[in-house]
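Next come the chains, spelled out residue by residue.
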Amino acid sequence: MAKKELQPSLKTSHIPAGTSWIGYNLSRMKSQRQLMWMSFPFIAFIAIFAYGPLWGWLMAFQNYRPGIGFMEQDWVGLDHFRTLFTDPTFLRVIRNTLAMSLISLFLGFVGSIGLALLLNELRMILFKRVVQTVSYLPHFLSWIIVTGIVANVLSTETGIVNVLLTKLGLIDAPINFFAEPKYFWGIVGLSSMWKEIGWGTIIYLAAMASINPSLYEAASIDGAGRFRKMFNVTLPSIKPTIIILLIINVGNVLNAGFEIQYLLGNGLVQDVSETIDIFVLKYGINLGNYSLATAAGIFKSVVSLVLIFIANGIAKSLGEERLI
Amino acid sequence: MMKKDVRKRIKYSALLALILVIALTGCTPGSSSKGEKTADGRELKQFSAFFAVPGKIAPDDNRVLKAIEEKTGVRVTMDWLTGQTAKERIGVLIAGGEYPDFIDGSDGTQQLVAAGALVPLEDYIDKYPNIKNYLGEDWKKMKNTTDGHIYFIPQFGNIQEKSMKVSHDGEAFWIQKAVLEWDNYPTIKTLDQYFDLIERYKTAHPTVDGQPTIGFEIISYDWRYFALENPPLFMAGYPNEGAAIVDKETLTAKNYNTIPEAKAYFKKINEVYHQGLVDNETFTANYDQYISKISTGRVLGMVDQGWQFLDAEASLVKQKLYDKTYVPLSITLSEDVKGRYQNNPILNVNGGLAITKSCEDIEGALQYINDLLDPEMEVLRTWGQEGVDYQVDDKGVFSRNEEQRANSKDPDWVLANTGSPLVYFPHHEGMTADGKNALDPKEQPEEYLATLNDIDKKVLKAYGFTKFTDFLEPAEENEPWFPIYTYNFEPNKPETIARQKMDDVKRKWLPKVIMTSPAEFDKAWEEYQATLKESADIKAYEDALTEEVRRRMELWG
């Protein structure tokens, strides 16, 4: 656990006697100047592209019209936020976003870690490579292609799922999966799992590769079998990775996506398929109401930030590795 | 050691700076050679143009464009939309504040107007006889509703002499030629007759090429769902106003989702849905699936805009399944209601070609538009060069030979040789100025006949028609406000939000009332109507459109 000692500068006890806190830190900055210079481009990048555009948030408090001077816009205060939170559609899309995001998060984690564990046990390198490649290839497909595949697979006429289910006698008539709201979240979850599972395993496999083999040897000597080793050596060793990724992903919970729901959705399932992003597109961008879109964006950012801090706090209180 | 490092650093910095300079200047607009001359020694004027629609950039040596360049002394560098929506790209342009000289903002036109990017044209136009003549009476329709300026010149729908339209690309109920032939070419007028015919044919032909026959399709994917929601207005005998129906007597706009015809129409669709005539995937299929189903030739009919399934028809023609292509029908609820599926082309006053404030030579730009509207130049733009692309007989009638026809069907050849990219500059449609020829070669009667196959000829002969638009009632005079869908819905207005809300409700409820069991239909319909009234401010919507109708009556009527 040497990592926790990496920030000695914060502890006053480390300042040598006779030097001030400022003087001590300046001399440390000098000795680390190369590192500081190296970080400068990234700080500039973040400042320009991440913090700079934040002034655009002011749009949410105006009836923004493009091309007109900033101060000439009419200011409307919290009107757009009020519109959002009194609109039943908006409350529904928050629910959908959260639900689909959590389903995808859960399936993504369980799927990726499970696949990584299984791949890690394989000793046949060729087979492992093939499985890995095949499973991460869908990551490179765009959603428009993936949704096309999904639509074909689930089609009532030629879709393999319906053909199989009918042939096996499990159903009498083909199911029209996209006409029933109850299937939609599942379809979205499984589709994103299929698309991202292989990509997700890469990082876990890397983490597993760095596990000290002597731990496995020791476990073997203690009489542990394959599954024991998986649960008592591999999983605990990649726990820090899992937690960091979980914290990062929790911040993305309100970004459940746009493309997949937009491309697979239709009128019949719109009550469960529309996410915040689709709402923003329909009621913000399409109607030329950029202010409403910005207000929804602010809402998303604030909630995401709060979620990250909560997750981080939980990780801290459990004494786990954390992001901030 | 240190010194060497510094030198190295300078060397690399200089190299980097050089690369940057080259990269940046390479991107600067207008950096192309200035001071080029035309063949007769005039200064060649350079303009840039951007059209917010997908398109291909014609090669520099495009033959017809070169010829036009020689005549006008103007070269236009044209750019098109790639991979973005018009609104996105226009937004980027506005943010940058630099515009091409000519612009057609398409969906983003209102954004450009709001941002003050366009040059008001009304004070210039008097100096350009061709433009003035081109705009004619429509002049007054062009004024911006808020500030009274004229910002753009529409390019489409300006008919010279008379419309030469040969095919219907608007909305209609379509039916396969094979179905008509099988039933010995009946005359189909009403919804009941239409579905009766489909049912009889489907019973007689349960499969097509081994796959089950599909009776009827309604595409409802994404923004393409208008054919699901708007048939009630045709059923009631109104033209395709889009947003609402307008009462001629009282000049009031009415939302057509609540009229009795709407209920009658959807009740019939509900009935035929449960008879298995409507594809059960019709509300969930995406556009690709829709097109591929039609392309198999097993879809007997659909209600749709003709341009939506052009790809499918092209595929059917390619497979030589000529009898599986479609004929438009004018369907209403009863025989005494006259269908108004065809309308006279209308000048689309929602947008057009504009000149931006970045243009340094506004008069030169307008002169170019004026030159392009010259009768001779218009023929050059559409037919091409005489003797190369077409022949003229001693009566002045144009024609093409087989090779010229084949060339004009090859998109690569067209891009490299003809003036087709100039279609986004103002141009007439219909006939040439002398009234002898169609401006569009495809609409020239002899050329049109030459493209017909045997099945087409047989069907036309059976009905005694000369072209497929004859299946629909001829267009009536457009009402002065027509079409009301060109009303500019402004952001943040109750009517704009109401329209979106109505859309949301319709998208969910129309499939629902169609799929619900026939016994429950009345109940479902009540529920749908109640939801519609509850979630959308229909009154605000109707009032805004009514006001627009009256405003247009006053200004244009």
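Asks: I'd love a proper account of the overall build of chain B, names of residues and values included.
Replies: When you go through chain B residue by residue, the secondary structure sums to 21 helices and 17 strands. For chain B, whose C-alpha radius of gyration is 27 Å, the value lies close to the compact-globule estimate of 24 Å for 557 residues. Counting only C-alpha atoms, chain B reaches 90 × 65 × 60 Å along its principal axes. Taken over 557 residues, chain B has a buried fraction of 51%. The long-range fraction of contacts in chain B, counting pairs at least 24 apart against all pairs at least 6 apart in sequence, stands at 74%. Taken as a whole, chain B presents about 26000 Å² of accessible surface, with 53% of it coming from carbon and sulfur. Taking the average place of the 66 positive charges on the side chains of chain B and the average place of its 89 negative ones, the gap between the two points comes to 5 Å.

Asks: Please provide a residue-by-residue account of the environment of Pro129(B), values included.
Replies: Assignment of secondary structure puts Pro129(B) in helix H5 (residues 129–135). Sequence-wise, Pro129(B) and Asp374(B) are 245 residues apart; in three dimensions their C-alpha atoms are separated by 9.8 Å.

Asks: A description of the environment of Gly306(B) should follow, citing residues and the corresponding values.
Replies: All names here are of chain B. Mapped onto the elements, Gly306 comes out in the loop between strand E12 (299–305) and helix H12 (310–318). For Gly306, a relative accessible area of 5% translates into the label buried. Residues Gly306 and Thr187, 119 residues apart in the sequence, show an inter-C-alpha distance of 20 Å. The contacts of Gly306, once residues within four sequence positions are left out, are His168, Asp169, Gly170 and Trp174.

Asks: Run through the pattern of salt bridges, naming residues and quoting values.
Replies: A side chain with one charge may pair with a side chain of the opposite charge, provided their charged atoms come close. Residue and element names in this part refer to chain B. Evaluation of the coordinates by the stated rule reveals 41 salt bridges over all chains. A salt bridge links Lys263 to Asp522, with the nearest nitrogen and oxygen atoms 3.2 Å apart. Within this pair, whereas Lys263 is found in helix H10 (residues 260–274), its partner Asp522 is found in helix H20 (residues 521–535), the two being separated by 259 residues in sequence. Taking relative accessible area as the criterion, Asp522 reaches 35% and is therefore assigned partly exposed. For Arg405, the salt bridge identified is with Glu447, shortest N-O distance 2.9 Å. On the criterion of sequence distance, the pair formed by Arg405 in helix H15 (residues 402–409) and Glu447 in helix H17 (residues 445–451) is long-range, its members being 42 residues apart. Taken as a pair, Arg405 and Glu447 share a single burial class, namely buried.

Asks: Summarise the packing of helix H6 (residues 143–153) of chain A against helix H8 (residues 181–209) of chain A; cite the residues concerned and give the values.
Replies: All names here are of chain A. Direction vectors running N to C along H6 and H8 enclose 120°, while the axes themselves pass 11 Å from each other. The angle between H6 and H8 falls in the class oblique. The way H6 lies across H8 gives a crossing that is right-handed. Side by side, H6 and H8 meet where Trp143, Val146, Ile149 and Val150 of the first sit next to Ile187, Ser191, Ser192, Trp194 and Lys195 of the second. The residue makeup of the contact of H6 with H8, split by class, is six nonpolar, two polar and one charged.

Asks: Break down the sheet that holds strand E6 (residues 171–176) of chain B for me, citing the residues and quoting the values.
Replies: Paired through their backbone hydrogen bonds, the strands of a sheet run either parallel or antiparallel. Residues and elements named next belong to chain B. Overall, mixed pairing links the four strands, which are arranged E9-E12-E6-E13 in an open sheet. At either margin of the open sheet sits one strand with a lone partner, and together these are strand E9 (214–217) and strand E13 (326–329). The mean inter-strand angle of the sheet, taken between neighbouring strand axes irrespective of direction, is 20°. The pairing of E9 with E12 spans three bridges and is classified as parallel. Across the sheet, Ile214 pairs through a bridge with Val299, a residue of E12.

Reading the values: the criteria
Residues numbered from 1 in each chain as written. Chains lettered and ligands numbered in written order. Predicted model: local features only at pLDDT ≥ 70, side-chain atom pairs only at ≥ 80, totals over all residues. Heavy atoms only, no water. Helix = DSSP H or I, 4+ residues; strand = E, 2+ residues; numbered from the N terminus. Rg over C-alpha atoms; globule rule 2.2 N^0.38 Å. Buried < 20%, exposed > 50% of the residue type's maximum accessible area, 1.4 Å probe, protein only. Contact = heavy atoms within 4.5 Å. Areas by Shrake-Rupley, 256 points an atom, 1.4 Å probe, with all protein chains shown as cover. Lys, Arg positive; Asp, Glu negative; His and termini not counted. Charge placed at Lys NZ, Arg CZ, Asp CG, Glu CD. Salt bridge = Lys/Arg side-chain N within 4 Å of Asp/Glu carboxyl O. Axes fitted to C-alpha atoms, helices over the stretch in contact; angles between N-to-C directions. Parallel < 35°, antiparallel > 145°, perpendicular 65-115°, else oblique. Left-handed = near helix turned anticlockwise from the far one by under 90°. Nonpolar A, V, L, I, M, F, W, Y, C, P; charged D, E, K, R; others polar. Pairing = 2+ DSSP bridges.

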